[in-house]
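Coordinates in review
Chain by chain, the residues:
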Amino acid sequence: MLTAIELEKAYDPKRFEDDVYRKWNDSGAFAPRGGGESFTVVIPPPNVTGVLHLGHGLNNSLQDIIIRFHRMRGEKTLWVPGTDHAGIATQNVVEKRLKARGQSRRELGREKFIEETWKIKNEHHAIISRQLKKIGASVDWSRERFTFDEGLSRAVREVFVTLYERDLLYKGSYLVNWCCSCGTAISDDEVEREDTPGKMYHIRYPVVDGAGHTECFVELATTRPETMLGDTAVAVHPDDGRYSGLAGKTVMLPLVGREIPIVADSYVDREFGTGVVKITPAHDPNDWEVAKRHNLPVINILTPDGRLNDSVPEKYRGMTVAESRGRVLADLAEGGFFIKDEPIIHAVGHCYRCHTVIEPFLSEQWFVRMKPLAEKALASWKRGEIVFYPRKWENTYAHWLANIRDWCISRQLWWGHRIPAWTCSACGKTAVSRTDISACPHCGSALVEQDPDVLDTWFSSWLWPFSVLGWENASCTASDYKTFYPTSALVTAYDIIFFWVARMIMAGLEFTGRAPFRDIYIHGLIRDKKGRKMSKSLGNGLDPLELVDEFGADALKFTLSFMCAQGQDILIDKESFRLGSKFANKIWNASRYILMNLEGRTLVKDPAQLPVDRWIYSRLNEAAKYVDAALCSYRFNDAAQKCYEFFWNDFCDWYVEATKLSMKSSAEGGVEKDRAASVLLAVLAESLKLLHPLLPFVTEEIYARLPDECKETEMLINAAYPRFEEKRRDGEGEELFSFLQNLVKQIRTLRAECTITPDKRLSCTVKTGGERSAEKAAFLEENAGLVKLLAGLGDLAFDPGRAGSGGDEGREVPGGAIVLAGQDFEAHVYIAGAVDIKALAEKFRRGLERDKKYTAALEAKIANPNFVKNAPPELVDGEKQKLDEARERTCVIEAYLKSMT
């Protein structure tokens, strides 16, 4: 015999979430178990010096949902955690700290600087770990990795040397994207282009003859006049009649006095500016290509820290770019070379880390030949080895691979994987090695020096799916690589599809012969309600830990999943998380009600089921089928919404209410109460399993309180996920119960519109019609007590006539009754004893007039093409829904009035 189980009256996630997580982790629940098919996810590694923002909260919540789901399906599930050493970002953090102490990294020295960086890494790593635990990430902490740990470092060196051996790696002087603030090159994909106000400056260069005398002037336009100091040519289009005959002549470069040629090149856009272009090969990628075609000299005018170097006239040396621009313009004006300027908006490249304007810069760097790798990645996608969710990202992936450029992988930093290449000062040759060398393998000299640069952070990140599993030690029979690679799914945001996703696929194919994952789920970005990205500068960011503190981790996870529709960004604010909080509270309160009413009950094995029991099992069965399909195809919002609808509507609003009839039964010995309690507990236990991936903490806490007879495992995290069972399907039963629900809903709506309090019991007469009329009438009669309970009726009678039969149109409605007409039924609800009929009719008329005006206003708004075109789609949909609801209510009130007159 059971006793009542007391859950705390108020849902308070702070009271139990930390304890629940500790129990999961301490019990080894996050580690792979069983011998079934594996399901593996590697976490997109956050920067080790970063703090998790709400985007991380979304990404890790979605990963946790699918991991918990597949774990409960009995698969050998592994979620690998880890962090990225984040070269530029981490070095910036350390340098800022040093600056605050009045030091610089060069004063400290490379070795001491790296020691300092490791200290900061360890501080921040602890913060990230705590944050992941706080939001409930069920990662296997025993397998945590870091892109700079020993195993991954070996993998990085192995890949570098292998690329070199396969002639997929080279070093040379090329134009790169240079961040003067970070003091390093960055790849094309790390440059963020933003529309920025600027000016187009019109200046003129004198065309000179062989003796250096001016013949005429050519006007050209540029946004960067200071770079003219590095011009080595002027270009015109070969078919531009305005400048026919100029090609082959020379101009005298103002302020410098250097004579440079005029070349004809089809790169020039005749419609842009004046159709004359200055060519500065060392500081513009297009000009670099022109210079290669015409064998032009290349003059770099910048130092690595963004100041003008010794290649410019002495008066400009040491100036910053901004300082030199003002001085050059003033000197051009003084010399009569400046014509005018005009305001423009143009795309300017910025560093993705520090947001400094990027300078095209000529320097010696290491590059990966990407085309051969991209061809393999493209072919793998075409063979169906990788699948994007949603599919639209396949076009982006294919386009990027088809237009890929070589990847600059060297960075002028100290924090990162040191490039394993040594230059011999004796013979001048370069050696690349898997192990450190002390002598030149070419000439034997000890005068070898390792390349001072480090590798791009993404060079270790693109190896992540296989390097974290021990690929570099794959010969070991116990290696996770053999068991868990390729991984199953990647969950990431679309803003790093180029940085990371495509490169991981290329690396996986090149070094393992297999794509690193099959499913690639690309989720949207989190934005505020105005559609803006969340940022510190806008002050619209939300801290996931603050949200957890206020609403609970389940509220965070459920709300984000509920709003995460494929292919769409998430517009959210703090109040949005009340959705998840209210749902978790509903689960708590419903469970509390059930458990506190177990006093004196005896659980029955395989209890008999009433129609309402068969209905709820059928609904649970369909919900399990739907959620399974949704999560297998990464439709998180569909899964969350189905769980919400089932538990809140079907289980709480209908089934739990319906069981009150049995729980109030006076049957001898409490047999009916025991039967009802047994079914109710069984459905609750299975419902908790259904909800667990989306709300793991509250479901685990409640599951722990269930009687042992109701639990298949000690902890819910290890239980089996509900599966669809054909024998539970009850289509006819669902149809009949839906018929009962429609009747109850209409009576409830009537009570609400008439403001009839719950204590007033109404009388109702029902007659059925349509197909299966007799069966539906019998079902209502069989469940009359249930209808009376749910609709608040004192009396329920049944008319043997058929609803909708001939002669009904002109029939007389009984006095004091309102007619409710539903599909296959007609009900006369007697309200005269509960309300003032005359006053109610007047209230309905006034309300109807108001509702019609409201409906007309909505119709006009939606009919306005400008509103539909310019308003956000979700706002338009919301207004359409309001219109549908207004029209429906109008029809209901009109029907009430008709039956009252």
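Residues numbered from 1 in each chain as written. Predicted model: local features only at pLDDT ≥ 70, side-chain atom pairs only at ≥ 80, totals over all residues. Heavy atoms only, no water.

Our focus in this paragraph is the pattern of salt bridges. Applying the stated criterion across every chain, the model contains 67 salt bridges. Here Glu 394 ties to Arg 391 by a salt bridge, and the two come within 2.8 Å at their closest N and O atoms. Each of Glu 8, Arg 15, Glu 701 and Arg 705 takes part in one network of salt bridges that share partners. (Salt bridge = Lys/Arg side-chain N within 4 Å of Asp/Glu carboxyl O.)

A separate point is the nonpolar core. The biggest cluster of nonpolar side chains holds 206 residues, and the ones touching the most others in it are Phe 459 and Phe 651. Of the residues forming this core, the biggest block, 13 residues, is contributed by helix α19 (residues 636-663). Grouped together as the second largest cluster of nonpolar side chains are 35 residues, Met 228, Tyr 243, Ile 299 and Leu 308 included. (Core = buried A, V, L, I, M, F, W, Y, C linked by side-chain atoms within 4.5 Å. Buried < 20%, exposed > 50% of the residue type's maximum accessible area, 1.4 Å probe, protein only. Helix = DSSP H or I, 4+ residues; strand = E, 2+ residues; numbered from the N terminus.)

What follows deals with the pairing of strand β11 (residues 258-264). Strand direction decides the pairing type here: strand β9 (residues 233-236) and β11, joined by three bridges, are parallel. Within β11, the position partnered with Val 234 by the bridge is Ile 262. Both strand β10 (residues 250-253) and β11 contribute to a ladder of four bridges, which runs antiparallel. Bridge assignment links Leu 253 to a residue of β11, and that residue is Arg 258. In this structure, the hairpin formed by β10 and β11 is closed by a connection of four residues, where Leu 255 is found at a positive phi of approximately 70 degrees. (Pairing = 2+ DSSP bridges.)

To continue, consider the sheet that holds strand β27 (residues 793-798). Pairing within the open sheet is mixed, and its four strands lie in the order β27-β26-β29-β28. Looking at which strands have only one partner, the edges of the open sheet turn out to be β27 and β28 (817-822). Strand-to-strand twist in this sheet, taken as the mean axis angle between neighbours without regard to direction, amounts to 20 degrees. Note: strand β26 (residues 762-768) against strand β29 (residues 825-830), six bridges, orientation antiparallel. Counted as the bridge partner of Ser 763 is Tyr 830 from β29. Helix α22 (residues 731-754) contacts β26, β27, β28 and β29 of the sheet and is inclined by roughly 35 degrees relative to β29. (Axes fitted to C-alpha atoms, helices over the stretch in contact; angles between N-to-C directions. Contact = heavy atoms within 4.5 Å.)

Read from one edge of the open sheet, four strands run β6-β5-β14-β16, paired in antiparallel fashion. Either end of the sheet is taken by a strand with one partner, and the two such strands are β6 (184-186) and β16 (407-408). With two bridges connecting them, strand β14 (residues 359-368) and β16 associate as antiparallel partners. Across the sheet, Val 368 pairs through a bridge with Trp 407, a residue of β16.

Our next topic: unusual backbone geometry. Across the junction of Tyr 389 and Pro 390, the peptide omega takes the value -5 degrees, indicating a cis bond. Positionally, Pro 390 belongs in the loop between β15 (387-389) and α10 (393-402). Each neighbour pair has its own omega, and for Tyr 485 with Pro 486 the value is 0 degrees, a cis peptide bond. Of note, the phi angle at Thr 755 is positive, near 55 degrees, even though the residue is not glycine.

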